[in-house]
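# Summary of the model geometry
The chain contents come next:
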Amino acid sequence: MEEQEGPKVIKIHLIQAAMSLGTHLGAYVILVYLSVALSVKYSGITFITIPLMLGIPVIAYRLVSHFRDENKMPFFPFPISWIITFLMFLFSTVLSCMVAYLYLRFIDNGAFSANVMAHMEAIVQATSETISTMTDPVQIEHMNNYIEFMRQNVTWFCSLPASGLTKQLIQQSLMWGNILSIIIALITAKRIRIK
């Protein structure tokens, strides 16, 4: 039998690749959510939480670029890169938000919301002390309105059931995942090089 000469076909199972990458990213996001939950209770952990949160796009980029390099593809067009990255964020959101829901529903028993409200009251107390030293009535009115607005939002957020908190988390994760997937796809795309 003769081997046929022709264009080399590269087959990638996008869903399978995205699920695998999304599982890895989801595990990292679960670690971030854990550090957020602990930082609400123990404020010293905030110094770890912020770099972990900022590391999500870096980890996502590393996963996609590792996938691209591991498969040794001659080109990695933007649409494929974007689809893989978007689906990776989608599967990551499903995994991490499912774990967040299970934690909030069965383990937390309202401790997260209570800690957030306690932090809010500490912020209101500190801001009230600062307001008492102000002399400009316009600034005082502005600060009081800001405190009331912040208190209403935090009270609304903390009054949500576990499913409501998870829905908010899903919306935020999907929005940021979509934005980051475009940026990461632009960076990781590899064009065909004409020789």
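Our subject is the structure listed above.
All figures in this text were calculated on a predicted structure; none of them were measured in a lab. (Residues numbered from 1 in each chain as written. Predicted model: local features only at pLDDT ≥ 70, side-chain atom pairs only at ≥ 80, totals over all residues. Heavy atoms only, no water.)

So, about the pattern of salt bridges. Under the criterion given, the structure shown has 2 salt bridges. Measuring nitrogen to oxygen at the nearest pair gives 3.6 Å for the salt bridge that ties Glu121 to Arg151. Here Glu121, found in helix α4 (residues 111–132), pairs with Arg151, found in helix α5 (residues 137–159); they are 30 residues apart in sequence, far enough to count as distant. For Glu121, a relative accessible area of 38% gives the class partly exposed. (Salt bridge = Lys/Arg side-chain N within 4 Å of Asp/Glu carboxyl O. Helix = DSSP H or I, 4+ residues; strand = E, 2+ residues; numbered from the N terminus. Buried < 20%, exposed > 50% of the residue type's maximum accessible area, 1.4 Å probe, protein only.)

Turning our attention to the state of the cysteines. What the rule picks out here adds up to 0 disulfides. Its sulfur unpaired, Cys97 is 18 Å from the next cysteine sulfur, which belongs to Cys158. (Disulfide = S-S within 2.5 Å.)

Okay, the environment of Ile30 next. Within the secondary structure, Ile30 is located in helix α1 (residues 14–41). The spacing of Ile30 and Ser96 is 66 residues in sequence and 5.3 Å in space, taken between C-alpha atoms. Not counting residues up to four positions away in its chain, the partners in contact with Ile30 are Leu95, Ser96 and Val99. (Contact = heavy atoms within 4.5 Å.)

Moving on, we come to the nonpolar core. Looking at soluble globular proteins, one finds that nonpolar side chains tend to be buried together. Counting 19 residues, the largest nonpolar core has Leu25, Ile56, Phe67, Met88 and Phe89 as the members making the most contacts within it. The set of elements that each furnish at least two residues to this core consists of α1, α2 (46–70), α3 (78–108) and α6 (162–188). Excluding residues within four positions of it along the chain, Leu25 makes contact with Ile56, Ile59, Ala60, Leu63, Met88, Phe89 and Ser92. In this structure, Val40, Ile131, Met150 and Leu165 belong to the second largest nonpolar core, which totals 14 residues. (Core = buried A, V, L, I, M, F, W, Y, C linked by side-chain atoms within 4.5 Å.)

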